[in-house]
Amino acid sequence: MNKQRAASNSATATVAVQGRQPRGKKLWRRMRENWQLYLLLLIPVIITIVYKYGPMYGIQIAFRDFKASRGITGSEWVGMQWFEEFFSSPNCWRMIKNTVLLSLYSLLWSFPVPIILALALNQLRFHRLKRVVQTVLYAPHFISTMIICGMLRIFLSPSGGLINLIFGTSIDFLNQSTMFRTIYVASGIWQEAGWGTIIYLATLSSVDTALYEAAKVDGASVFQRILHIDLPALVPMAVLQLILSASNLMNIGFEKVFLLQTDLNKATSDIIAVYVYEQGIQHAEYSYSTAIGLFNTAVNIVLLIIVSRIAKKASDVQFV
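Residues numbered from 1 in each chain as written. Predicted model: local features only at pLDDT ≥ 70, side-chain atom pairs only at ≥ 80, totals over all residues. Heavy atoms only, no water.

What about the packing of helix H7 (residues 112-122) against helix H13 (residues 222-247)?
Closest axis-to-axis distance for the H7/H13 pair is 12 Å, and the angle between their directions is 135°. The pairing of H7 with H13 is recorded here as oblique in orientation. Relative to H13, the crossing made by H7 is right-handed. Contacts between H7 and H13 pair Ile115, Leu119 and Asn122 from the former with Ile226, Asp230, Leu231, Leu234 and Ala238 from the latter. Split by residue class, the contact of H7 with H13 holds 6 nonpolar, 1 polar and 1 charged. (Axes fitted to C-alpha atoms, helices over the stretch in contact; angles between N-to-C directions. Helix = DSSP H or I, 4+ residues; strand = E, 2+ residues; numbered from the N terminus. Parallel < 35°, antiparallel > 145°, perpendicular 65-115°, else oblique. Left-handed = near helix turned anticlockwise from the far one by under 90°. Contact = heavy atoms within 4.5 Å. Nonpolar A, V, L, I, M, F, W, Y, C, P; charged D, E, K, R; others polar.)

Some details on the side chain of Asn164
Turning to its location among the elements, Asn164 is positioned in helix H10 (residues 162-167). Since its relative accessible area comes to 2%, Asn164 is described here as buried. (Buried < 20%, exposed > 50% of the residue type's maximum accessible area, 1.4 Å probe, protein only.)

What about the nonpolar core?
Within the largest apolar cluster, 16 residues are counted, with the highest numbers of intra-cluster contacts made by Leu102, Phe180, Ile183, Tyr184, Val257, Leu260 and Ile271. Within the residue set of this core, elements represented by two or more residues are helix H9 (145-155), helix H11 (177-205) and helix H14 (254-260). Among the elements that take part in this core, H11 stands out by supplying 4 residues, more than any other. Discounting chain neighbours no more than four positions away, the residues touching Tyr184 are Leu102, Ser106, Ile252, Gly253, Lys256 and Val257. Core analysis: the next-biggest nonpolar cluster, separate from the first, contains 15 residues, Ala62, Phe83, Cys92 and Ile96 among them. (Core = buried A, V, L, I, M, F, W, Y, C linked by side-chain atoms within 4.5 Å.)

With respect to a positive patch on the surface
Together, Lys26, Arg29, Arg30 and Arg32 make up a positively charged patch on the protein surface. Position of Lys26 among the secondary structure elements: in helix H2 (residues 23-33). On the basis of relative accessibility, which here comes to 42%, the residue Lys26 falls in the partly exposed class. (Patch = residues over 30% accessible without salt bridge, like charges linked within 9 Å, V, L, I, M, F, W, Y side chains within 5 Å. Areas by Shrake-Rupley, 256 points an atom, 1.4 Å probe, with all protein chains shown as cover. Salt bridge = Lys/Arg side-chain N within 4 Å of Asp/Glu carboxyl O. Lys, Arg positive; Asp, Glu negative; His and termini not counted. Charge placed at Lys NZ, Arg CZ, Asp CG, Glu CD.)

Focus on the layout of surface pockets
Of the pockets and cavities examined, the largest pocket occupies roughly 1,000 Å³. If you trace the largest pocket, you find 29 residues lining it, with Ser106, Ser110, Gly188, Glu192 and Ser245 closest to the centre. Looking at the lining of the largest pocket, the element that brings in the most residues is H11, giving 12 residues. Looking at the second largest pocket, its volume works out to about 310 Å³. Asn122, Arg125, Lys130, Thr209 and Tyr212 are, among the 16 residues lining the second largest pocket, the residues nearest its centre. For the lining of the second largest pocket, the elements supplying multiple residues, two or more each, are helix H8 (127-138), H11, helix H12 (209-217) and H13. A per-element tally of the lining of the second largest pocket places H12 first, with 4 residues. (1 Å grid on protein atoms, 1.4 Å probe; cavity = no way out; pocket = protein on both sides within 12 Å on 5 of 7 lines; lining within 4 Å. Points joined across faces, edges and corners; volume = space filled by probe spheres on them.)

These results come straight from atomic positions and should not be treated as a statement about function.
Listed below in structure tokens is the structure:
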């Protein structure tokens, strides 16, 4: 009996070892069986490498005194010279402060608005009214930044502007540095909040309706259904959106700031993105502007990792 049991255990172990294949072989087998899907995947991979990773070769000009006539590799290597020049410039810390504050205020005020709108729209039972409201909320997203800034200049004009007509004043809002952040954040919410609700409404549409019916039977109010059914369903998507927003914290919208900036509001509107444009495009300081842009990107990567770790601990959701 002992010999038979030992033989049986040996045979079982042999089968288990034979069935346990290296991961490389399993992956190769899946690729061979589904080669059409992997062939389709190859297209975006190649595009990403060519257009995203390929240009990274030019990052080295941040450490060189780049001259177009000499090329990248022919230009003199200067190491950290451009970074030192940026950090020693008189407006460096003001630009970093303005960039961070403008981004944080935008994130703080604009991040919860699409969630609130999505929760409110999800409660509408009149489908025609719901479609009309959604269209009205989405429309500003399709207006170009140039037109948005033109509208803001007209509405906030000290002579005949809509805001001044309503309040009976003649305040030049755009030339007041204390008002710039409010104008930027408020206009950003108006333009993008409706568009941001799309992904949250799509998430809410996947919630099982049986949960709502069961909650109604148990006597749950609308607020309780939102609190215990809708919000938990939105948490993973909200965390993902928060991580993506935090990863772009230093990449604040350049166009709107550049178009709304004046000499009188530079105390709060002078940000890194505008400075990079001025140095790189207007003054042809390619190495200097690349160094500043590289610093900006490095800060974004660090923020992305930090926010991802915090989100994992707070909600047990992690994407990077």
